[in-house]
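# Summary of structural features
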Amino acid sequence: MDALIREFRLLDVTRAVLLSAASIATVTYCSGSFDLFPSVLACVAIIASLVNFNKFACRDYAFPSAVGRACCFVISLVFSFVLVLGAHIRVTEPVIAGGIYDNYIEPYSALDVVAFWVMSTLVFWVLSVLVQLSCRCRCCVFCEDSPRANDGGSSIRILSVAVRALVIFLLYLPFFLRHCPGLFFGDTFSSFAQIMGWNPLSNHHPVAFTMMMGACIKVAGLFGLGPSAGVALLTVLQMVCVASTFGYLSIWVTSRLGVSSRWSWLPVALFGLSRYCALYSVALWKDPLFSCCLVLMVTMLADVVMEKDSWSSALHLLVFGALALGVMLLRNNGLYICAALFVVLAIVAVLGRLGRIGLIGSGSRLAIPLGIAIAACLAITGPVYSAMGVVPSEDVESVGIPLAQMARVAALDGDMSESDRAYMNELLPLDRYKEVYHPSFIDPLKWNDDFNSDHLKDGFWAHLVSMFFRNPSMYFEAWELQTFGFWAPNVKGADGLPENFLMGAPYNLMADGEASSGVAFRNLLAPLGDGVDKAFGLNAWSISGAVVFWMLVFSAVLLVSRGRSRFALPFLPFLLLYGTLFIASPIWYWPRYIVAAQFGLPVVLVVVARGLLSDERHSESDVVG
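If you're wondering where the values come from, they're calculated on a predicted model, not measured in any experiment.

Rules and cut-offs
Residues numbered from 1 in each chain as written. Predicted model: local features only at pLDDT ≥ 70, side-chain atom pairs only at ≥ 80, totals over all residues. Heavy atoms only, no water. Helix = DSSP H or I, 4+ residues; strand = E, 2+ residues; numbered from the N terminus. Buried < 20%, exposed > 50% of the residue type's maximum accessible area, 1.4 Å probe, protein only. Contact = heavy atoms within 4.5 Å. Patch = residues over 30% accessible without salt bridge, like charges linked within 9 Å, V, L, I, M, F, W, Y side chains within 5 Å. Areas by Shrake-Rupley, 256 points an atom, 1.4 Å probe, with all protein chains shown as cover. Salt bridge = Lys/Arg side-chain N within 4 Å of Asp/Glu carboxyl O. Lys, Arg positive; Asp, Glu negative; His and termini not counted. Charge placed at Lys NZ, Arg CZ, Asp CG, Glu CD. Expected span 1.5 Å × (residues − 1). Bend = angle between axes of the 7 residues up to and from the residue. Arc of directions from axis to C-beta. Axes fitted to C-alpha atoms, helices over the stretch in contact; angles between N-to-C directions. Parallel < 35°, antiparallel > 145°, perpendicular 65-115°, else oblique. Left-handed = near helix turned anticlockwise from the far one by under 90°. Nonpolar A, V, L, I, M, F, W, Y, C, P; charged D, E, K, R; others polar. pLDDT = per-residue confidence, 0-100. Core = buried A, V, L, I, M, F, W, Y, C linked by side-chain atoms within 4.5 Å.

### Side note on the overall build of the protein
Across its full length, the protein carries 28 helices and two strands. Expressed as a percentage of the 625 residues in the protein, the buried residues total 53%. A separation of at least 24 residues holds for 80% of the contacts in the protein among residues at least 6 apart in sequence.

This is the structure:
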């Protein structure tokens, strides 16, 4: 201890005091009040980082490359700017009910400028510490001479996955019995009504999910069972898919870390005992199946960058294409995710052939099945759906945020030309916007009986641009209040949203649920007593979507800073998922929209560990020339 104290020079002490003060100020600023525990924790982390800097004899803010320094500097500024924005967002409870005077942006002051630079310095310091530690540390299980890392690193046996999937399935079974035949929401009823012939087929909720429900109902009918049994069959099949995905992830994580498969039972326990994951397995949204497909796509991308893609080439490409098609057919924003990923993979392939970057395993070849899957999706959702008489998604579904921006201008009496004013009045009488516009939830406006959605085709984009140049700050505020739950980690209320499933208003909890839906809801665990509802209830905590987003961003930045850019590629589908929500989110935050990224966090951690801590023979930079 004495030796350690002697190592600390006056400069170290000064730096420790300043950084500790900055950490306390940041915690206080972001939370709106002084919190002792987070402040003390931050100070301990700062002192620990200084100790390690002295231990490794590191130079302050040293990076392997100028690109790494620039990336960390830019992301420090961006993240600090986000924290400033979040500190000024004020919302009521529940957030979706807040009107223009309940959910608003608090005015900024000179203090925010000081806070911005203090936080930028602090974040940059933390990133520099992480980069330095990853440069100095090596994890022996990832080293090239580790036999376990090379022999079985890419081999995953189907039987091992099946055993773990079965255990997870059995752990989820009580939730199915409690909420039999599955959690049935308004979205579920929309698909059910189409199958029963009460409504025409519509792609508002993806037809692929509706057709899956229809197939299950028909199978149940072959055995003389009713629609409720068909819905239950769909739930069981979804449980199998979710449990199999988590079973595969459990084996995949230990395999790619090069540790004994016995450790795979730890993620099995985490996934299997998680109420959050269990409820998704029985929640009849399209999101669980979409998320399974996207997570498995990400594991395949991770195998490519870690050079663990040991499957036969044809099988690997076929599975990847099938998963991509599932992503696109199960969520309407899946097409945009896959299209953007295709562009990136195509660029990687071209740059690889030109010798500008190092080849990324079979990464460039993945663009081929992805392109075929995109073409298949366009054919299915175009000519095929038209032949089936499928009603396309409403135009208003794709303009949620732009509509919210224009509505905010009208509600707050912003600057509008006479033409803009007349157009907004055609969409909805101008005197109704103050009442109908909700800053954090667009549905009350776009589904209002007086809203004329047909008028969206008549110059919507021209008026959007016209009003933007007159009211840029209002547009930005409208975007903030419509999306902040996905990117602002320091807003009160932007947490794990434990009422995630209750927001869907499940018919299972309605007294007249069976009468209004035509599906029989049963609690098969009722004989066990009231404790069942507490054990298998619908409130479930999860990691905040905003926290997950910044974990992805910081992970990617650290990898780029270390010259391991290729390892950031698997994060791209998750980041693109967030990107679609930043552009067209219908609500401030709903975990089910980004649950794929939450499910995929184990993959992110493995890729970061491999990228930052492994002592591979590849160049420290993925750029060749």
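The discussion continues.
### Remarks on a nonpolar patch on the surface
On the surface, a cluster of nonpolar side chains totalling about 470 Å² of accessible area is made up of Val 219, Leu 222, Phe 223 and Leu 225. Along the chain, Leu 222 falls in helix α9 (residues 207-222). Residue class for Leu 222 comes out exposed when judged on its relative accessible area of 73%.

### Points about a negative patch on the surface
On the surface, Glu 394, Asp 395, Glu 426, Asp 454 and Asp 458 cluster together into a patch of negative charge. By the element assignment, Glu 394 lies in the loop between α16 (367-387) and α17 (400-411).

### Thoughts on unusual backbone geometry
Cis rather than trans, the peptide bond between Glu 93 and Pro 94 has omega equal to -5 degrees. For Pro 94, the location among the structural elements is in the loop between β1 (89-90) and β2 (104-105). Along the chain, Cys 180 connects to Pro 181 via a cis peptide bond; the corresponding omega equals 5 degrees. With respect to the helices, strands and loops of the structure, Pro 181 is situated in the loop between α7 (158-178) and α8 (186-195). Despite not being glycine, Ala 505 shows a phi value in the positive range, around 50 degrees. Mapped onto the secondary structure, Ala 505 falls in the loop between α22 (472-483) and α23 (513-517).

### With respect to α16
An α-helical turn contains 3.6 residues, so a residue and the one three or four places further along point in the same direction. Across its 21 residues, α16 extends 29 Å between first and last C-alpha, which sits within 8% of the 30 Å expected from 1.5 Å per residue. Remark: the principal bend of α16, roughly 30 degrees, maps to Ile 380, with a proline, Pro 383, within the next four residues. Of the positions making up α16, those classed as buried are Ala 367, Pro 369, Leu 370, Ala 373, Ile 374, Cys 377 and Tyr 385. Contacts from the buried residues of α16 go to α9, α14 (313-330) and α15 (334-353).

### Things to note about α15
In this model α15 runs 29 Å from its N-terminal to its C-terminal C-alpha over 20 residues, within 8% of the 28 Å that 1.5 Å per residue would give. Taken residue by residue, α15 has Gly 334, Ile 337, Cys 338, Leu 341, Leu 345, Val 348 and Gly 352 as its buried positions. In an axial view of α15, the angular spread of the buried residues amounts to 85 degrees, which keeps them on one side of the axis. In this structure, the buried residues of α15 make contact with α13 (287-305), α14, α16 and α26 (572-584).

### Here's the deal with the packing of helix α18 (residues 418-427) against helix α21 (residues 460-470)
Running from amino to carboxyl end, α18 crosses α21 at an angle of 125 degrees, the nearest separation of the two axes being 10 Å. By the angle class used here, α18 and α21 are oblique. Between α18 and α21 lies a crossing of left-handed hand. Touching Ser 419, Asp 420, Tyr 423 and Met 424 of α18 are Phe 460, His 463, Ser 466, Met 467 and Arg 470, all from α21. Of the residues in the contact of α18 with α21, the class split is four nonpolar, three polar and two charged.

### A short note on the environment of Ala 556
On the secondary structure map, Ala 556 appears in helix α25 (residues 545-561). Separated by 52 residues in sequence, Ala 556 and Val 608 have C-alpha atoms that sit 8.2 Å apart. Residues contacting Ala 556, with those up to four places away along its chain left out, are Ala 568 and Phe 571.

### So, the confidence of the model for the protein
For the protein, the average pLDDT comes to 85, and 84% of its residues sit at 70 or higher. No element of the protein has a lower mean pLDDT than helix α6 (residues 147-151), which averages 43, and none a higher one than helix α27 (residues 595-599), which averages 97. A low-confidence stretch, residues 139-153 stays under pLDDT 50, and its non-local contacts, those more than four residues away or across chains, total 27 contacts. The low-confidence segment residues 617-621, where pLDDT is below 50, has nine contacts with residues more than four positions distant or belonging to other chains.

### Description of the nonpolar core
Residues Trp 487 and Phe 501 are the most contacted members of the largest nonpolar core, which totals 153 residues. For this core, the element with the most residues is α13, which contributes 13 residues. When near neighbours in sequence (up to four residues on either side) are disregarded, Trp 487 contacts Val 82, Leu 85, Ile 89, Trp 479, Glu 480, Ala 546, Phe 549, Trp 550 and Phe 582. Within the second largest apolar cluster, 28 residues are counted, among which are Leu 403, Met 424, Leu 456 and Phe 460.

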